[in-house]
Amino acid sequence: MTIKTGIAPEAPRTGYIGAGVPRPEARRLLQGRGRYVDDIRLPRMAHVAFVRSPYAHARIVEIDVSAAVASPGVIRVVSGPEVASLCSPWVGVLTNRKGLKSAPQHPLAIDRACWQGEAVAAVAAETRVQAENAAQLIDVEWQELAALTDAETALDPQTPVLHPELGDNLAFQCEVDTGDIEKVFATAHKIVEAIFHTGRHTPVTLEPRSILADFNPAERQLTVYQATQVPHMLQWILAKHFALPEVSVRVIAPDVGGSFGAKIHVYGDEMTAVALSIMLGRPVKFVADRLESFVTDVHARGHRVTARMAVSEAGDILGIDFDDLYGIGPYSGYPRGSASEAQHVINLVGGPYKNRVYRGRSRAVFQNKNMYGQYRGVGHPIACAVTEGLVDLAAEAVGMDPAEFRRRNYIPADAYPYKLAAGPVFEKLSQHEAHDKLLELMDYAALRAEQAALRQRGIYRGIGLAAVVKMTNPSSATYGQGGVSIAAQDGCTIKLTATGGITCAASINEFGQGAATIVAQIAATALGVALDRVKVVTGDTDATPYGGGNWGSRGTGIGGEAVLRAGTALRQHILAFVARLTETEPSLLDIRDGTVVDAATGAARMTLEEVARTVYFRSDKVPADFSPELVVTRHFTQKSYDGICTNGIQACYLEVDVETGFVKLLRHWVVHDCGTMVNPLLVDEQIRGALVQGLGAALFEECLYSPEGQLTNGSLIDYLVPMAREMPDIEIGHCCTPTATSELGAKGTGEAGTAGAPAAVMNAINDALRPFGARVTAQPFTPERILRALGKIPDGAFPADATPAR
C-alpha cells in the first residue's frame, strides 16, 4: 500500500514528533477511495466457498461432490486429502514455551472435524454465488462424536482425550512459586479471595478476513493480496508449506479494515484458497462472511481464575496465589501458539505492585471449540482484572480507600529496573505520577462526595480504579527464540527522490491505526522536510525491508525507531555531500524546510532537489573520490529486555439500576505513559478505541456455546458489541517516561485501554453494589448476573463470585 500524506505543507522548525497530525488517509477512505482485498479484481479470477462442519466433533465418513462438480460455473471441488498433497500440515508450538503441544493441522479437515465451522471441502467457481450454491450440493456423511466443551473437566481421567497421541488434553502449563506462600497466608492479617471469569471473545473486525491468491505457473510466482498485519511472516509461511522459494512469494497488504490480532494467524480456509490458485493456475479469492467469521476467526479470553491475596494490617500486599484455567481450540494456534495468554497471566498478575511472595499456575486445555489465538491485549485484561479485583477486596478488608491502598503498594520509584517474581523486568514506570494525575483529572474527592450524596437518594453510583501495566516493544524472546520465523526487528528504506522528495518504505503495516502517519512524521522530522514531501510505502514484501509487522504494541517503538535511524543516516549522507561540495564541515550544516543551510545563520547552501539532481544527473560535479548515498536502509531490534513495559491507570464512574441490573457508563478517565508520543492525537485515538473494546468485554461480549459445542450467538444480532450511544465521555491524560532502549524513546499504546477497562468497570459496579453486600466477578457483567448477585433472581448456572475476606 502506498500513502501520500498531502497535509501540513510547511514543516515546523522543531519537526513533527509530538505534533497532533490528522491521519492523511482518512480523507481518502471517507471518500470511498479505499482499496481493500475485496475491491481487487484480476483477470480469470475464481471465487471459493467452503463446506463447514455443523458439529463440534464428528468423523467424516464420506464426502459426495458429484452434484457440486456438475453445478453451473464450478471450476474445481476439493477435500482435505487433495489440498494436503500441496500444503504441508502445521503444528503450533514454540520451543521456548516448554511443554506446549499440539497435533498437526491441515487446511481442510481429514477424517475428522474438531470444531463447528471447521472447513472440510471447498468449491472454486466463476462467481461467489455459484461457489456457494455448489457447496450446498456437497453431501457429507457424518458420524457425530462426543464433544469436549468444558475446560473444567478437560483434564478429568474420565474425559476422552481429543488427540490420543498427545496423551492428555493439557496443551500448556506454566507455574511460578517463590516459596513461603503458605507461611505468608497463615500469618496474614486478612485474606481476600475470589473466582474471576472472563468471557470468550472474538475480534469482530470491520473488514472480515480476506485473501486473493494469484499463482503464475509460467514463472512459478505466487502473489497474495491479504488483509494481514504481518506480510513478511505470511511470506515465510506460504513458502514453507507450499514448498516454494521465499523469493517466489510476494505478499501485499492493501488497505486493511482493522485487525486487533485476528490477522496475524494462519487459517485453513485461506491456505486452501492459495492451494486452489496453485492447482488452477489462476487467481482465487476468499472473503469470509460475518457468520463464517464468528466460527473461524480466532477466539480469546475465556479464563477461570481462582485467586487470593494476603495483606497486612497496615495495608501491604504480602502474597498472591492463583490458579488460571482456560480452554483453547482443538489445536494450538499457528505459528504463534495458544500459550501467550497463559504466559502473560503468569507474568503480570500483581504486576503493578511490590510483592515478592507469589505462586501461580496457568493451564490451557484442548476443547472442541473454535481456534484460539492472540487478540488485543493478550492475557493482560485477565491479569489486570484478577489483580485489581483483589486489590479492591483487600482495601475494603483493611478499611483503606482503594486509591490510597494502590499508592501504598506501587513499586517504589527508585526500584527500577524491577524484576517481577515470574521473571520479566520493568525498565521504568511512572505509577505514582500517573496515579496522582488521574485523581486530579477526575477530581476524586469531589466524586466520592457526589457518590455519597446520591446514595442517600437511592441512586447507586460506583467509582472503579484499575492500574495497568502493558508489555510492548517485544524482543526475540517472544517468538524468534522459540524457533518461529517471526521477526523482532523492523526496517526502513528511505531515499531522496530526484525532485527532493522522500520515499519511505517501512516494514510495519497500516491497518487503520495510523502507522503511515507516524512513519511520515518521523521521516519528515529527521530530514527537515514538510510532510507533503514524504511518501510512505508499507505492506509489500517486494517493496519494504524485512520486518515483524504490527503486533504486540511494537509499531512505533520498533518500526518508528528504524525510520528514525534510516532518516538520520540519510541526513548525515546529505550533509556530508554538501559539506564536501561547499568545503565546510557537516557539523556546521543543517536541513531546514527542505534546504541545506548554515546551522548558525540559516543561509541557504543547496535545496534537497539540487542535491538530488547533482547526484543523479550531474556526476561531473561530484568529486571523483566521493560516492554519495541517497538511499539508506536501517533496522532496529529491542534487545535490552524481553519487552518494554508501559503503565497507566483508569477510572470508571457508572450507575447501577438495582431494580433492573442495567449499568450506565457515565465517565471514564485514563492516564497513560507510552514514552515519547510521536502523535498525541493518534495516541488518544488508540487509547479510546482500545478502551471501547475493553468496555465491550466488561458489559457485552461473550461467545456462548451449548454443551454440544454449538456457538449459539454467532451473529451480530446475538453477539453484542459496544455502540457509540452506550459509551461514556472519555478523558485522557499522559505521563512521559521514554524508554532508554531507543533514541526515539517510544513505547506502545494500542492495547493498554483494553487491558484496564474491564477491571475498572468491575470495581465500579462492585463499588456501587457495596451497600447491598453484593459483588460480581464474572464478565460480562450482564443485568442478569448483577440481579443474581443482589439476590433478586435465584442462583442458576452462572459462575460464583467473590467470597468475603477472612
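Everything numeric in this text was worked out from a predicted model, so none of it was measured.

Trainee: How should the sheet that holds strand E6 (residues 119-125) be read in this particular structure?
Mentor: Strand pairing within a sheet occurs via backbone hydrogen bonds; the two strands may be parallel or antiparallel. Spatial ordering of the open sheet is given by E4-E6-E2-E14-E11-E12-E13, a layout of seven strands whose pairing is mixed. Edge positions in the open sheet fall to strand E4 (74-79) and strand E13 (249-252), since each of these has one partner strand only. Strand-to-strand twist across the sheet, computed as the mean angle between neighbouring axes with direction ignored, equals 20°. When strand E12 (residues 221-226) meets E13, the two strands line up parallel, connected through four bridges. Bridge pairing in E13 places Tyr225 opposite Ile252.

Trainee: It is not clear to me how the side chain of Gln226 should be interpreted in this structure. Could you clarify?
Mentor: Looking at the secondary structure, you find Gln226 in strand E12. Among the polar contacts made by the side chain of Gln226, one reaches the side chain of Glu270 at a distance of 2.8 Å. Each residue touching Gln226, except ones within four places of it in the same chain, is listed here: Val37, Ser210, Ile211, Leu234, Ile252, Ala253, Pro254 and Glu270.

Trainee: Teacher, can you tell me more about the nonpolar core here?
Mentor: Across soluble globular proteins, nonpolar side chains have a tendency to be buried as a group. If you look at the biggest cluster of nonpolar residues, it comprises 157 residues, and the most contacted ones within it are Leu238, Phe426, Met442, Val761 and Ile765. Of all hydrophobic cores here, the second largest spans 52 residues; its members include Ala523, Val536, Ile558 and Ala746.

Trainee: What am I meant to see in the sheet that holds strand E25 (residues 589-592) here?
Mentor: The sheet built from three strands is open, its strands ordered E25-E26-E27 with antiparallel pairing. Each end of this open sheet is capped by a strand with a single partner; those strands are E25 and strand E27 (604-607). Shown here is a sheet whose adjacent strand axes are inclined to one another by a mean of 30°, direction ignored. Against the sheet, helix H15 (residues 555-582) contacts E25, strand E26 (595-598) and E27, and its axis sits at roughly 125° relative to E25. Across the face of the sheet, helix H16 (residues 608-617) comes into contact with E25, E26 and E27 while running at roughly 60° to E27.

Trainee: Please clarify how a nonpolar patch on the surface should be interpreted in this entry.
Mentor: Taken together, the side chains of Tyr616, Phe617 and Val631 make up a nonpolar region of the molecular surface, amounting to roughly 290 Å² of accessible area. Mapped onto the elements of the fold, Val631 is located in strand E28 (residues 631-636). Among the residues examined, Val631 registers a relative accessible area of 43% and is labelled partly exposed.

Trainee: In this structure, what is going on with the environment of Phe172? I would like to understand it.
Mentor: By the element assignment, Phe172 lies in strand E8 (residues 170-177). Among the residues examined, Phe172 registers a relative accessible area of 2% and is labelled buried. In this structure, the C-alpha to C-alpha distance between Phe172 and Leu100, residues 72 residues apart in sequence, is 4.6 Å. Residues in contact with Phe172, not counting those within four places in the same chain, are Arg97, Lys98, Gly99, Leu100, Ala339, Ala342, Gln343, Ser362, Arg363 and Ala364.

Trainee: What is the right way to look at the pairing of strand E21 (residues 460-472) in this model?
Mentor: Extensive coverage of E21 is indicated by the burial of 13 of its 13 residues. Of the two faces of E21, both are covered, the one formed by Tyr460, Gly462, Gly464, Ala466, Val468, Lys470 and Thr472 as well as the one formed by Arg461, Ile463, Leu465, Ala467, Val469 and Met471. Direction of pairing for E21 relative to strand E29 (residues 644-656): antiparallel, over a ladder of 13 bridges. Within the sheet, the bridge partner assigned to Lys470 lies in E29 and is Thr646.

Trainee: Help me understand unusual backbone geometry in this model?
Mentor: For residues other than glycine, phi is negative in most cases, and the peptide bonds are mostly trans. That bond from Tyr334 to Pro335 is cis: its omega, 0°, falls within 30 degrees of zero. Here Pro335 lies in the loop between strand E17 (317-327) and helix H9 (340-348). Cis rather than trans, the peptide bond between Gln779 and Pro780 has omega equal to -5°. By secondary structure assignment, the location of Pro780 is in the loop between helix H18 (752-769) and helix H19 (783-789). Phi is positive for Val378, close to 35°, though the residue is something other than glycine. With respect to the helices and strands, the residue Val378 is situated in the loop between strand E18 (358-365) and helix H10 (380-397). A positive phi angle, near 55°, is found at Asp443, a position not held by glycine.

Each value, and the rule that gives it
- Residues numbered from 1 in each chain as written.
- Predicted model: local features only at pLDDT ≥ 70, side-chain atom pairs only at ≥ 80, totals over all residues.
- Heavy atoms only, no water.
- Pairing = 2+ DSSP bridges.
- Helix = DSSP H or I, 4+ residues; strand = E, 2+ residues; numbered from the N terminus.
- Axes fitted to C-alpha atoms, helices over the stretch in contact; angles between N-to-C directions.
- Polar contact = N/O pair within 3.5 Å; in protein donor to acceptor, adjacent residues only side chain to side chain.
- Contact = heavy atoms within 4.5 Å.
- Core = buried A, V, L, I, M, F, W, Y, C linked by side-chain atoms within 4.5 Å.
- Buried < 20%, exposed > 50% of the residue type's maximum accessible area, 1.4 Å probe, protein only.
- Patch = residues over 30% accessible without salt bridge, like charges linked within 9 Å, V, L, I, M, F, W, Y side chains within 5 Å.
- Areas by Shrake-Rupley, 256 points an atom, 1.4 Å probe, with all protein chains shown as cover.
- Salt bridge = Lys/Arg side-chain N within 4 Å of Asp/Glu carboxyl O.

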